[in-house]
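Structure assessment
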Amino acid sequence: MEVNPYAPSSQTTPSLPPRLRRGSKWLRGWLVFQLLLIAAGVAAAEYEIETIVFMGPTVAVSGLILAYLAFRNRVNVATLFGVSGAAFAGFIFLLIALNSWGPSEADRPVCRLCEFYLVVSLPVTWVSFLVAGQTDTPSAVPSPPPVT
C-alpha cells in the first residue's frame, strides 16, 4: 500500500466542548431579577396602589437594562420582554393620566392589568431563561485549518 503525501489528513480534529454564550449568566440573572421585580410590584400595588409611583419606573429601567443585555447576547425573546417592561409602565402611566384616575379609581383596573402582566411574564421568562442558557454548538466554534 502506497501512502500519498499530498492527500488530505485523515485525522479528524477533536470537537471542542460547547461554550456558554458570553454574558449569559448576567442575562439569566437579570431575567430572574426582572420577574421578581414584577412580582414585588404586583404585591405592592395590591397592598397600596400608590407604590406604582416607585415600582413603575423601577420596572421600566430594569426592563431596559434587560433589553440591552439580551440584545447583546442575541436573545430576541428576552429583548422583547425587557422592552415590554418599559412599555407596560408607560401604558399604565398613560392610562391613569388620560382617565384622570385617583388612587381609588385606579386600584382595581391597574392591579388587574399588573396581575395579567405577571402571568404572561412567567412563561416568557422561562423561555428566555432557557434560550439564554443554550450553548453554542461545536460547529459554531471555528476549527483550525488543516495542515498541508
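A brief look at the structure comes next. Fair warning: this is a prediction, and the values are worked out from it, not measured in the lab.

Below, the discussion takes up helix α1 (residues 24-47). Its 24 residues give α1 an end-to-end C-alpha distance of 34 Å, which sits within 8% of 34 Å, the value for a rise of 1.5 Å per residue. Regarding α1, the residues found buried are Ser 24, Leu 27, Trp 30, Leu 31, Gln 34, Leu 35, Leu 37, Ile 38, Gly 41, Val 42 and Ala 45. Lining the buried residues of α1 we find α2 (52-72), α3 (76-99) and α4 (103-132).

With that settled, consider unusual backbone geometry. Although it is not a glycine, Arg 74 adopts a positive phi angle of roughly 60 degrees. In this fold, Arg 74 is placed in the loop between α2 and α3. Given the relative accessible area of 70%, Arg 74 is considered exposed. Positive phi, normally seen in glycine, also occurs at Ser 100, with a value near 55 degrees. Along the chain, Ser 100 turns up in the loop between α3 and α4.

The next point concerns the nonpolar core. Residues Leu 27, Leu 31, Ile 52 and Val 110 are the most contacted members of the largest nonpolar core, which totals 28 residues. Counting residues per element, the ones that place at least two in this core are α1, α2, α3 and α4. Looking at this core, the element that brings in the most residues is α1, giving eight residues. Ile 52 has contacts with Ala 45, Pro 57, Ile 92, Ile 96 and Val 110, leaving out every residue within four places of it along the chain.

Looking now at the packing of α1 against α2. Here α1 crosses α2 at 165 degrees, and the two axes come no closer than 10 Å. By the angle between their directions, the pair α1 and α2 is classed as roughly antiparallel. For the crossing formed where α1 meets α2, the hand is left-handed. On α2, the residues that touch Trp 26, Leu 27, Trp 30, Leu 31, Phe 33, Gln 34, Leu 37, Ile 38, Ala 40, Gly 41 and Ala 45 of α1 are Ile 52, Met 55, Thr 58, Val 59, Ser 62, Gly 63, Ile 65, Leu 66, Leu 69 and Ala 70.

Right, let's get into a nonpolar patch on the surface. Taken together, the side chains of Val 77, Trp 126, Val 127 and Leu 130 make up a nonpolar region of the molecular surface, amounting to roughly 370 Å² of accessible area. Looking at the secondary structure, you find Val 127 in helix α4. Residue Val 127 is classed as partly exposed on the basis of its relative accessible area of 41%.

Among the secondary structure elements, Ser 121 is positioned in helix α4. On the basis of relative accessibility, which here comes to 2%, the residue Ser 121 falls in the buried class. A polar side-chain atom of Ser 121 sits 2.7 Å from the main-chain carbonyl oxygen of Tyr 117. In contact with Ser 121, not counting residues within four places along its chain, are Leu 35, Ile 38 and Phe 81.

About the cut-offs
- Residues numbered from 1 in each chain as written.
- Predicted model: local features only at pLDDT ≥ 70, side-chain atom pairs only at ≥ 80, totals over all residues.
- Heavy atoms only, no water.
- Helix = DSSP H or I, 4+ residues; strand = E, 2+ residues; numbered from the N terminus.
- Expected span 1.5 Å × (residues − 1).
- Buried < 20%, exposed > 50% of the residue type's maximum accessible area, 1.4 Å probe, protein only.
- Contact = heavy atoms within 4.5 Å.
- Core = buried A, V, L, I, M, F, W, Y, C linked by side-chain atoms within 4.5 Å.
- Axes fitted to C-alpha atoms, helices over the stretch in contact; angles between N-to-C directions.
- Parallel < 35°, antiparallel > 145°, perpendicular 65-115°, else oblique.
- Left-handed = near helix turned anticlockwise from the far one by under 90°.
- Patch = residues over 30% accessible without salt bridge, like charges linked within 9 Å, V, L, I, M, F, W, Y side chains within 5 Å.
- Areas by Shrake-Rupley, 256 points an atom, 1.4 Å probe, with all protein chains shown as cover.
- Salt bridge = Lys/Arg side-chain N within 4 Å of Asp/Glu carboxyl O.
- Polar contact = N/O pair within 3.5 Å; in protein donor to acceptor, adjacent residues only side chain to side chain.

Shape descriptors only; they carry no functional weight alone.
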